[in-house]
Amino acid sequence: MTPPTDKLIQMYRQMLAIRLFEERVNDLYTRALMPGLAHLYIGEEAVAVGICAALTNEDYITSTHRGHGHCLAKGASPRLMFAELLGKEAGYCKGKGGSMHIADPATGNLGANAIVGGSAGIATGAAFSAKYLKNNRVVVCFFGEGALGQGLLYEEMNLAQLWKLPVIFACENNMYNEYTHFSETTAGDILGRPAAFGIAAEAVDGQDVRAVHAAATTYVERARRGEGPAFLLLNTYRYRGHHVGDIAREYYRPKQEEQHWSSTRDPIMLMSSWLLEQKHADQATLEAIQAELTSEMDAAVDFAVNSPYPDPDKVGQDVYA
Ligand SMILES: Cc1ncc(C[n+]2csc(CCOP(=O)(O)OP(=O)(O)O)c2C)c(N)n1
């Protein structure tokens, strides 16, 4: 069923918000205003947005090292995210976590995680708690196809299916594990893995936000009814480097491949064309959204740049590692 117009526009808006956020992250990095690195989600926006649009605020997500899109799609504030990325006190972790550790309990975001596959345990544990407490929550565990090489994922898939836990394993296949094509690291068929556990699974076009949302809705509702976990294989592509510093990529993937995806399979372009064609929106409405988001993101950057750093005397406070 096609979602109502306001929901479709909201999904478009969120994808664009992520894109504009990420472009500013890259800009902050190249101007040496951001300490450390960040892994940009540009090109993959439809995955986080389509899935999170199928969740309630109380539902949980766990995220990855490439997590800004998940956090924003679940409702995080761009101001507090930029502040975190710049190491400022106003940030989600008081500036001590940075890009790869943003958590936001108010929006059900149990946190990003720099350990590839690491969030599978957190997500499945949260799904166990939801079942035990009977609070009707569903958990989405985002991970990249690189995590298919991590044993923890399979331990969690096993338990999730045995105990019929409400967790969706969302595998974002952007085709590259760091600087290596996934075909060089991944034996066999990806969907054969959930099949081995009897977990319901589906491959989805991760550039089509409506398709992602439709599949996510089906499996989230099924999990909420107590029918157990699911595995979504979201085929997508990251347009930029593995992280912001990965600028010379020709040695591991051709420029034409990047151009092909960004010029023909861009999730925002696909959605805006569809919205216009189906008359859910006109050009002026889409331009107004772009202008509004542009000033919102610019103001969020200004807020973060002008925010104070944490007091050096508190450097050890709230730090657990
Ligand atoms: C357990 C572990 N091993 C290795 C790394 C180093 N590392 C960081 S990202 C990455 C590749 C991850 O690829 P994928 O899961 O497909 O996510 P993507 O970066 O493509 O979004 C690796 C190997 C890590 N962070 N954690």
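Residues numbered from 1 in each chain as written. Predicted model: local features only at pLDDT ≥ 70, side-chain atom pairs only at ≥ 80, totals over all residues.

This next bit is on the overall build of the chain. Across its full length, the chain holds eleven helices and seven strands. At 19 Å, the chain has a C-alpha radius of gyration in line with the 20 Å of a compact globule built from 321 residues. The dimensions of the chain, computed from C-alpha atoms along their principal axes, are 55 × 50 × 45 Å. Taking all 321 residues of the chain together, 47% fall into the buried category. In the chain, 77% of the contacts between residues at least 6 apart in sequence involve partners at least 24 apart. (Helix = DSSP H or I, 4+ residues; strand = E, 2+ residues; numbered from the N terminus. Rg over C-alpha atoms; globule rule 2.2 N^0.38 Å. Buried ≥ 20, exposed ≤ 12 C-beta atoms within 10 Å, placed from the backbone. Contact = placed C-beta atoms within 7 Å.)

Here the focus is the pairing of strand 3 (residues 167–173). A large share of strand 3 lies buried, amounting to seven of its seven residues. The side-chain alternation of strand 3 yields two buried faces, one formed by V167, F169, C171 and N173 and the other by I168, A170 and E172. With six bridges connecting them, strand 2 (residues 139–144) and strand 3 associate as parallel partners. Residue V139 lies in a different strand from strand 3, and its bridge partner there is V167. With helix 6 (residues 151–162) bridging strand 2 and its parallel neighbour strand 3, the resulting β-α-β unit is right-handed. Alignment of strand 3 against strand 7 (residues 230–235), held across six bridges, turns out to be parallel. Bridging from a neighbouring strand, A170 pairs with L232 of strand 7. (Pairing = 2+ DSSP bridges. Right-handed = clockwise from strand over helix to strand, strands pointing away.)

What follows covers helix 4 (residues 78–85). Along helix 4, seven of the eight residues are buried, which leaves the element largely enclosed by surrounding structure. Inspection of helix 4 places P78, L80, M81, F82, A83, E84 and L85 among the buried residues, and these make up the whole buried set. Here the buried face of helix 4 lies against helix 1 (5–30), helix 3 (68–73) and helix 11 (283–305). G87 sits one or two positions beyond helix 4 and adopts a positive phi of about 75 degrees.

Taken together, 15 residues surround the ligand, and among them V116, G144, G146, N177 and E178 come closest. Grouping the constituent residues of the shell around the ligand by class yields five nonpolar, seven polar and three charged. (Near = placed C-beta within 6 Å. Nonpolar A, V, L, I, M, F, W, Y, C, P; charged D, E, K, R; others polar.)

A few words on the sheet that holds strand 3. Reading across the sheet, the five strands line up as 1-2-3-7-6 and stay open at both edges, with parallel pairing between neighbours. Two strands bound the open sheet, and with one partner strand each, they are strand 1 (60–62) and strand 6 (200–205). Ignoring which end each strand starts from, the neighbouring axes of this sheet average 20 degrees apart. As judged from the six bridges shared by strand 6 and strand 7, these two strands associate in the parallel manner. (Axes fitted to C-alpha atoms, helices over the stretch in contact; angles between N-to-C directions.)

A few words now on unusual backbone geometry. A positive phi angle, near 70 degrees, is found at N136, a position not held by glycine. In this structure, N136 sits in the loop between helix 5 (119–133) and strand 2. Despite not being glycine, D318 has its phi angle at roughly 65 degrees, a positive value. Inspection of the secondary structure puts D318 in the segment after helix 11.

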